[in-house]
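Summary of the model geometry
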Amino acid sequence: MNIKILIADDHQLFREGLINLLSDASNIEIVANAENGKEAIEKAIIYNPDIVIMDIRMPIINGVEATAELTSKLPEIKVIALSMHSEKHYVKGMLEAGAKGYLFKNCTYSQLISAIETVYSGNKYLSSEITEVLIDDYLDNGNNQEQGIKELTERELEVLRLYAEGKTTRDISEQLFVSVKTIGTHKQHIQEKLNLKTNVDMIKFALKKGIITLD
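Attention in this report is confined to the structure presented alongside it. (Residues numbered from 1 in each chain as written. Predicted model: local features only at pLDDT ≥ 70, side-chain atom pairs only at ≥ 80, totals over all residues. Heavy atoms only, no water.)

1. Re the overall build of the protein chain
Heads up, the condition is: By the criteria applied, helices consist of DSSP H or I runs no shorter than four residues and strands consist of E runs no shorter than two, each listed in order from the N terminus. Summary of the burial criterion: residues with accessible area below 20% of their type's maximum are buried, those above 50% are exposed, and those between are partly exposed, where the area comes from a 1.4 Å probe applied to protein chains only. Every residue pair with non-hydrogen atoms within 4.5 Å of one another is taken to be in contact. Areas reported here follow the Shrake-Rupley algorithm with a probe of radius 1.4 Å; residue values treat only the protein chains shown as occluding.
Scanning the protein chain from terminus to terminus reveals 10 helices and 6 strands. Expressed as a percentage of its 215 residues, the buried residues of the protein chain come to 41%. Sequence-distant contacts in the protein chain: of pairs separated by 6 or more residues, those separated by 24 or more amount to 63%. A total accessible area of about 11,800 Å² is found for the protein chain, and carbon and sulfur atoms account for 51% of it.

2. Some words on the packing of aromatic side chains
What counts, and what does not: Think of it this way: a Phe, Tyr or Trp ring, Trp meaning its six-membered ring, pairs with another when their centres are within 6.5 Å, and the plane angle makes it stacked under 30 degrees, edge-to-face over 60, tilted otherwise. Geometrically, a lysine NZ or arginine CZ counts as sitting over a ring once it is within 6 Å of the ring centre and also within 35 degrees of the ring normal.
Within the structure shown, the criterion is met by 1 aromatic pair. A centroid spacing of 6.3 Å and a plane angle of 90° characterise the contact between Tyr-102 and Phe-104, whose relative ring orientation is edge-to-face. Its relative accessible area of 0% is what places Tyr-102 among the buried residues. You can call Phe-104 buried: its relative accessible area is 12%. Above the face of the Phe-14 ring, Lys-105 is positioned so that its terminal group lies 4.4 Å from the ring centre.

3. Structural notes on the nonpolar core
Counted only if it meets this: Only buried Ala, Val, Leu, Ile, Met, Phe, Trp, Tyr and Cys residues count toward a nonpolar core, and they belong to the same one when joined by side-chain atoms within 4.5 Å.
Counting residues in hydrophobic clusters, the biggest one holds 26 residues, and the most contacted among them are Leu-6, Met-54, Leu-70, Met-94 and Tyr-102. Only strand E1 (3-8), strand E2 (28-34), helix H2 (37-47), strand E3 (51-54), helix H3 (63-73), strand E4 (78-83), helix H4 (88-97) and strand E5 (101-104) provide two or more residues apiece to this core. Setting aside anything within four residues of it in sequence, one finds Met-94 in contact with Met-54, Ile-56, Gly-63, Val-64, Thr-67, Val-79, Ala-81, Ala-99 and Tyr-102. Grouped together as the second largest cluster of nonpolar side chains are 20 residues, Ile-5, Leu-18, Ile-28 and Ile-51 included.

4. Points about empty space enclosed by the protein
Definition in use: In this analysis, the protein atoms alone were mapped onto a 1 Å grid. Cavities are point sets where a 1.4 Å probe fits without being able to get out; pockets are open sets with protein on both sides within 12 Å along at least five of seven lines; lining residues have an atom within 4 Å of a point. Grid points are joined across faces, edges and corners, and a volume is the space filled by probe spheres set on the points. Only Asp, Glu, Lys and Arg are considered charged in this grouping, and only Ala, Val, Leu, Ile, Met, Phe, Trp, Tyr, Cys and Pro are considered nonpolar; every other residue, Gly among them, is considered polar.
Applying the stated criterion across every chain, the model contains 1 cavity of 30 Å³ or more. For the largest cavity, the calculated volume is near 40 Å³. Across the lining of the largest cavity, the residue classes tally to 3 nonpolar, 3 polar and 1 charged.

5. Digging into unusual backbone geometry
Located in the positive-phi region is Asn-48, a residue other than glycine, with phi close to 45°. Here Ile-60, not a glycine, exhibits a phi torsion of approximately 70°, which is positive. By the secondary structure assignment, Ile-60 is in the loop between E3 and H3.

6. So, helix H7 (residues 154-164)
All buried positions along H7 are accounted for by Glu-156, Val-159, Leu-160, Leu-162, Tyr-163 and Ala-164. Looking one or two residues past H7, Gly-166 carries a phi angle of roughly 100°, positive in sign.

7. Topic: the side chain of Gln-191
Structurally, Gln-191 is set in helix H9 (residues 180-194). On the basis of relative accessible area, Gln-191 is assigned to the buried category, the value being 16%. Contacts of Gln-191, omitting those with residues within four sequence positions, involve Leu-196, Lys-197, Thr-198, Asn-199 and Met-202.

8. Considerations on the pairing of E5
Note the following rule: Strand pairing is assigned whenever DSSP detects at least two bridges linking the two strands. Note on handedness: a crossover is taken as right-handed if, strands pointing away from the viewer, the path from the first strand over the helix to the second is clockwise.
Of the two faces of E5, the one carrying Gly-101 and Leu-103 and the one carrying Tyr-102 and Phe-104 are both buried. Examined bridge by bridge, E4 and E5 share 4 bridges and lie parallel to one another. Across the sheet, Leu-82 pairs through a bridge with Leu-103, a residue of E5. Relative to strand E6 (residues 125-126), E5 is paired through 2 bridges, and the arrangement is parallel. Paired with Gly-101 across the bridge in E6 is Tyr-125. A crossover connection joins E5 to the parallel E6 through helix H5 (residues 109-120); in handedness this β-α-β unit is left-handed.

The following block contains the structure:
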């Protein structure tokens, strides 16, 4: 049974080259191609491919947004990012949007085939270069957070603990006898220093650092 592929890339020459390349594989069938994210979504609905090979920088709807919409509407379709971009925000953006694989456009033919077969079988595929990007990001984030926690004031550490315990901004303001606005400012400083975005992130961080426990 052939693996049905849709290719989405805004560069026609690259798109046609990829179509010709993959058409030589005995177990792959190219069912459609698209030049932007919007067209990729529309054609995915029509042709129901097993896998969409998705570029990131595309007009109308970019690859990250298209991937998020596809994985939400058609979760049975798997997305592999094939991009020239190695910046961590692109990698994380695609993976968080639901992509099951990510590799660079300078990959070899065998790597691309391996990625397609791996993702088709239900597993994830990250090239060694992508894995290195994610590891570096994890280490950098860990170092930044270690430095950030040292920069917290005693009051900010206290506010962090209270948020992690599930208190609301108003609860904390009443407990510490300061305004809601002041607590909001503390929260903003905490999140900036620790590179955290949500209350859930603060809870996870506090648990990890032993600021609160589950006891």
